[in-house]
Amino acid sequence: MSATIVIGADDRSGASVRIDVEELLATRLLVQGNSGSGKSHLLRRILEQSASVVQQVVIDPEGDFVSLAEPFGHVVVDGSAYDGTEIVKLAARIRQHRASVILALDGLELEAQMRCAAVFMNTLFDAPRDQWYPALVVVDEAQMFAPAAAGDVADDVRRLSLAAMTNLMCRGRKRGLAGIIATQRLAKLAKNVAAEASNFLMGRTFLDIDMARAADLLGMERRQAEQIRDLERGHFLALGPAICRRPVGVKIADVETRARNVVHGLMPMPNAAGEEMEALLMAEPLMFDPLPTPPEPEETAPESGELLEQIESSVPAAEQVEPPVEPSLFAAEETAADIAAILAEMAAEPDCTFQPAAQLYQDFTVRCRMQRLGQVGIDLAAFRRRFAMAVAGIPDDREPRWQAALKLAEGVADDLVAPFLVLAVAAVEGLPCPDDDRMAEIYGTRSPGRIRRLLDHLEKSGLIVVRTDYGGRRSIGIPGLGMTTAPVEA
Ligand SMILES: Nc1ncnc2c1ncn2[C@@H]1O[C@H](COP(=O)(O)OP(=O)(O)O)[C@@H](O)[C@H]1O
Ligand SMILES: [Mg+2]
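Below is a short write-up of the structure. (Residues numbered from 1 in each chain as written. Chains lettered and ligands numbered in written order. Predicted model: local features only at pLDDT ≥ 70, side-chain atom pairs only at ≥ 80, totals over all residues. Heavy atoms only, no water.)

A few points about the site of ligand 1
Formally: If a single non-hydrogen atom of a residue is within 4 Å of a molecule or strand, that residue counts as near it. Between N or O atoms, a polar contact is any pair within 3.5 Å; within protein, one atom must be a potential hydrogen donor and the other a potential acceptor, and residues adjacent in sequence are included only when both atoms are from side chains. Strands here mean DSSP runs of E at least two residues long; helices mean DSSP runs of H or I at least four residues long; both are numbered from the N terminus. Following the grouping adopted for this structure description, the nonpolar residues are Ala, Val, Leu, Ile, Met, Phe, Trp, Tyr, Cys and Pro, the charged ones are Asp, Glu, Lys and Arg, and the polar ones are all others, Gly among them.
Neighbouring ligand 1 are Asn34, Ser35, Gly36, Ser37, Gly38, Lys39, Ser40, His41, Arg233, Gly234, Lys251 and Ile252. Gly36 places a main-chain nitrogen or oxygen 2.6 Å from an oxygen atom of ligand 1. Taking Ser40, its side chain carries an N or O atom lying 2.8 Å from an oxygen atom of ligand 1. The set of elements that each furnish at least two residues to the shell around ligand 1 consists of helix H2 (39–50) and strand S11 (244–252). Looking at which element gives the most residues to the shell around ligand 1, the answer is H2, with three residues. Split by residue class, the shell around ligand 1 holds one nonpolar, eight polar and three charged.

Here we look at the packing of aromatic side chains
Formally: Two rings belonging to Phe, Tyr or Trp (six-membered ring only in the last case) form a pair when the distance between their centres is within 6.5 Å. Interplanar angles under 30 degrees mark stacking, angles over 60 mark edge-to-face geometry, and anything in between is tilted. Accessible area is worked out with a 1.4 Å probe on protein chains only. A residue is then buried under 20% of its type maximum, exposed over 50%, and partly exposed in between.
The full count for this structure, using the stated rule, is four aromatic pairs. Ring geometry for Tyr361 and Phe364: centres 6.4 Å apart, planes at 25°, overall stacked. Of this pair, Tyr361 and Phe364 both sit in helix H14 (residues 357–370), three residues apart, roughly one helical turn. You can call Phe364 buried: its relative accessible area is 1%. Both rings, one in Tyr361 and one in Phe383, keep their centres 5.4 Å apart while their planes meet at 55°; by these two values the pair is tilted. Placement of the pair is Tyr361 in helix H14 and Phe383 in helix H15 (residues 380–391), with a sequence separation of 22 residues.

A few points about the nonpolar core
To keep things clear, this is the line we draw: Buried Ala, Val, Leu, Ile, Met, Phe, Trp, Tyr and Cys residues form a nonpolar core when they are joined through side-chain atoms within 4.5 Å. What makes two residues a contact is simply this: any of their non-hydrogen atoms within 4.5 Å.
Counting 61 residues, the largest nonpolar core has Ile59, Phe120, Val139, Phe145, Met165, Ile181 and Val193 as its most contacted members. Of the residues forming this core, the biggest block, nine residues, is contributed by helix H5 (residues 110–125). Apart from the residues lying within four places of it in its own chain, the contact partners of Phe120 are Val57, Ile59, Ile87, Ala91, Ile94, Val101 and Leu103. Listed in part, the 48 residues of the second largest apolar core include Leu360, Trp402, Ala427 and Leu455.

Brief notes about the pattern of salt bridges
Definition in use: Just to be clear on terms, a salt bridge is a Lys or Arg side-chain nitrogen sitting within 4 Å of an Asp or Glu carboxyl oxygen.
Following the criterion strictly, the structure yields 21 salt bridges and no others. Ionic pairing is found between Arg158 and Asp155, a salt bridge with its closest N-O pair at 2.7 Å. Of this pair, Arg158 and Asp155 both sit in helix H6 (residues 155–171), three residues apart, which is roughly one turn of the helix. For Arg229, the salt bridge goes to Glu226, with nearest N and O atoms at 3.3 Å. The partly exposed category is assigned to Arg229, whose relative accessible area is 24%.

Some points on the pairing of strand S5 (residues 75–78)
Short version of the rule: Only when DSSP finds a minimum of two bridges between them are two strands counted as paired.
Where burial is concerned, the two faces of S5 differ: the one with Val75 and Val77 is buried and the one with Val76 and Asp78 is not. When S5 meets strand S6 (residues 101–104), the two strands line up parallel, connected through four bridges. Opposite Val76, over in S6, you have Ile102 as the bridge partner.

Describing the sheet that holds strand S3 (residues 29–32)
Spelled out, the test is: To get an axis, fit a line to the C-alpha atoms, keeping to the stretch in contact for a helix; angles then go from 0 to 180 degrees between the N-to-C directions.
With mixed pairing, the eleven strands of this open sheet are ordered in space as S2-S1-S11-S10-S9-S3-S8-S7-S4-S6-S5. Each end of this open sheet is capped by a strand with a single partner; those strands are strand S2 (16–20) and S5. Direction aside, neighbouring strands of the sheet carry axes that sit 25° apart on average. Bridge count for S3 against strand S8 (residues 177–183) is four bridges, and the pairing is parallel. By the bridge assignment, Gln32 is partnered in S8 with Thr183. Of the strands in this sheet, S3, strand S9 (199–202) and strand S10 (235–240) are in contact with helix H8 (residues 208–218), which crosses S9 at around 150°. The sheet contacts of helix H10 (residues 274–282) involve S5 and S6, and relative to S5 the element is tilted by about 45°.

Things to note about the packing of H15 against helix H17 (residues 417–429)
As a reminder of what qualifies: A crossing counts as left-handed when the near helix is turned anticlockwise from the far one by less than a right angle, and as right-handed when that turn is clockwise.
Across the interface, H15 lies against H17 with an axial gap of 8 Å and an inter-helix angle of 35°. Every pair of crossing elements has a handedness; the one defined by H15 and H17 is right-handed. For the pair H15 and H17, the contacting residues are Arg385, Ala388, Met389 and Val391 in the first and Val417, Ala418 and Leu421 in the second. Among the residues forming the contact of H15 with H17, the class breakdown is six nonpolar, no polar and one charged.

Structural data, given as structure tokens:
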């Protein structure tokens, strides 16, 4: 039995890129990409294409996916409308009736979202053996539910949620549950949860730390993995047994609005859907239903190889939940990485350098609040510098290789920080000297004359040396670093 769905087209050849759903059930999927890279679109494409083939459960923190209900018959369970006991009963019936559902959590606070999702997933996991039907369990923004480190949620909540995600990804397969998880930041996702996926779709990624994790998971050299830094929205690098054996760049196809009639392989879906299924699940009285039967003890011992694998891949519970370093330090580290990610995202917006600093600063504070970062201790003046660094390609001011350049930039006037640093970055990296168009973009001007004056000024200040070789090619040296950009035609 097999069923394949098309997710998009190969960037190079234009050939269809497919996912083998049967294989996906066995090998799970991890999607990574910065906010706006197209993860939710990609999940929607997978859900739409496979809706008629396999049961689907979506843990939806933002209520993004409720629109699948109308055309595809998913039942929407509003997490904020039920208490824990009701959620348990709903989840049990979902297993029993093989209903496709969206668990919409947008009406809840973070901790309540984590609790609700955990109780829900644990009940799916604990279903009796005769209900271990195959189902895709899609978790968007998975770093919320399986955080790598202690954050601002209560410890017991984090433990509960992390345990549910670990169950899903590490032990769900046998019970028919196949995790498909998406995250903005790999470094923020618990390692053991990420490590259980064998299929990957990596989208645009700004931060080195996430890139390094992605390279690890893909089994690639850092340099090779660099290509995901420049991916456009909707483009992903795909790899894994359910997709392709070699890394393939894929442009994710459009999403549909109506169901496709693909009933091919796997198991026919239940007849009830939409309102009928909803009636089955919500049938009164929820309160007096018998509790789901507890899972039967497993009759057969796992084979020795499987057991060994389990032992090797399982991390003792205490290790899973305790942060490896002193908590406050770790939190500060995490916050710094979050700030870097926000700055990188803002700096990637087209024409951002043409906006007034005050407006950008306001945008920045809103983004920090949305990520629940609390007081980040960056005022407008500090923000201007950090933003200039980000525009120049240094969103994280802690990265060792930029420290010398940042030190030099301390003496540079605010509005010249970005243009100076972009030259310094090119020099450190041995990249070609940025052309006037690029410089104008960085400086936030449309006037070529201003760029000439800018370079003159930087040169007079002793910060740069502009050199033109006999072939008329320009390179720029940074005496303070003892480094020079590669030359380009001026
Ligand atoms: N492959 C694609 N084709 C067309 N539009 C896309 C594609 N991927 C993403 N988009 C659009 O880009 C925006 C951001 O995508 P989204 O999936 O919400 O990103 P993310 O979940 O990674 O933050 C959305 O408006 C979405 O419709
Ligand atoms: Mg999204």
